[in-house]
Amino acid sequence: MQLDKIEEKDLKMGLANQEVFAKTLEELASKDRSILAVTSDSRGSGKLVPFAEKYPKQIVEVGIAEQNLVGVAAGLASAGKKAFAVSPACFLSARALEQIKNDVAYSDNPVKLVGISAGVSYGALGTTHHSLHDFAALRAINNIIIVAPADNFETEQAVLQAAKLDQPIYLRFGKKAMPFLSETEQNFEFGKGRVVREGEDVTIIANGETVYPAWLAAKALEEAHGIKAGVVSMHTVKPLDTELLDRLSSKGNPIVTVEEHMVNGGLGEACASYLFQKGCTNPFKIIAIPDEYTVTGSQGEIFNHYGISQEGIAKSVLQLIK
């Protein structure tokens, strides 16, 4: 099997999604004084230093205290402020889980929870700094939208729409510069997947920073094997786009899901649960971090090890088709 390496020049490269988040929030804050950033000693990693310099009265620093972070943001939201609670995803979705459940979701305070440096973005810092549990933990909580944008377009739209949203939401961003996955205008809506590549032989459903290697794998499969793989950015893990899943599964073609998350409780299991309860018999595979001690390395090295890479995804698709 020969799968030539697709070069990054095939797509226009942009910024890291969390950089786009910070720039978009800064633009919003310039026109709306009710926009507030609440950080847990994370304005630097969250790219919010320029925001703090321009709008010092619109940022609240609570220090390394994620539970306080969410509690303060919930209080601000209850008073009519548009509070963006920014913290590393690994800590925000674990240390502050009770506050997210009770102060935000149960109390219906429209806090915008922003998990930065998500997945394995922290690389060699290891398991303590990896957020491979956040989809699973937050999916089990009622009244919260969960979104992992794939590129700069999705990120900007997600932040703009979150600012208008009167409901709790969790936005998940990574540190790597991402390409623009489509040169054409496309709509973005929470709960509606975005088809970034058409294909009728197999469908690859991914989110966040795994959509790009899925796109590269699809292109390589077509060039090397004539296999036309569709690629979907299922940016919203909850609520899931079940209408799109119905359409994608209707022909019985194989479906592969890819995510920067533990195999348990994430995007893949959400899709599988819906499809197979509907009686679908499509060949199906989840590509994710397995239930084991995660290897240490850079994000790229971890992706390569677990097959969340262009080559790894393409091989999994070929195996599933065969």
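The residue count restarts for each chain, going from 1 along the sequence in the order it is written. With the structure being a predicted model, the display of local features is reserved for residues of pLDDT at least 70 and the display and counting of side-chain atom pairs for 80 or more, all residues being used for whole-chain, interface and lining totals. For the side-chain quantities, the full set of heavy atoms in the structure was used; hydrogens and water were omitted.

Peer 1: Just checking my understanding: could you explain unusual backbone geometry for this structure?
Peer 2: The phi angle of most residues is negative, glycine excepted, and most peptide bonds adopt the trans form. Cis rather than trans, the peptide bond between K238 and P239 has omega equal to 0°. Only DSSP runs of H or I with at least four residues qualify as helices, and only runs of E with at least two residues qualify as strands; both kinds are numbered from the N terminus onward. Within the secondary structure, P239 sits in the loop between β12 (236-238) and α9 (242-249). Of note, the phi angle at K47 is positive, near 60°, even though the residue is not glycine. Within the fold, K47 resides in the loop between β2 (35-39) and α2 (49-54). K47 sits in the partly exposed class, given a relative accessible area of 41%. Here S117, not a glycine, exhibits a phi torsion of approximately 50°, which is positive. Summarising the element assignment, S117 is placed in the loop between β5 (112-116) and α6 (134-139). To sort residues, take the accessible area from a 1.4 Å probe on protein chains only and compare it with the maximum for the residue type: under 20% means buried, over 50% means exposed, and anything in between is partly exposed.

Peer 1: Explain helix α10 (residues 267-277) to me, please; I cannot follow it from the model alone.
Peer 2: One full turn of an α-helix is made of 3.6 residues, so residues set three or four places apart face in the same direction. When α10 is considered as a whole, its buried residues turn out to be L267, G268, A270, C271, A272, Y274 and L275. Throughout, a contact is declared for two residues whenever any of their heavy atoms are within 4.5 Å. Tucked into the core, α10 has its buried residues touching α6, β10 (202-206), β12, α9, β13 (255-262) and β14 (284-289). After α10 finishes, the residue G279 shows a positive phi value of roughly 90°.

Peer 1: Explain the pattern of salt bridges here, please?
Peer 2: Where charged atoms from two side chains of opposite charge approach closely, those side chains can pair. By definition here, a salt bridge exists when the distance from a side-chain nitrogen of Lys or Arg to a carboxyl oxygen of Asp or Glu is within 4 Å. Applying the stated criterion across every chain, the model contains nine salt bridges. In this structure, D151 and R194 form a salt bridge, with 3.1 Å as the shortest nitrogen-oxygen distance. A residue pair is termed long-range when its members are at least 10 positions apart, and D151 in the loop between β6 (145-147) and α7 (152-164) and R194 in strand β9 (residues 194-197) qualify at 43 residues. By relative accessible area, D151 is classed as buried at 1%. Measuring nitrogen to oxygen at the nearest pair gives 3.0 Å for the salt bridge that ties E154 to R194. With E154 in helix α7 and R194 in strand β9, this pair connects stretches of sequence that are 40 residues apart. Just as E154 is buried, R194 falls in that class too. Here the residues in one salt-bridge network are D151, E154 and R194, joined through shared partners.

The values reported here are purely geometric and, on their own, carry no functional implication.
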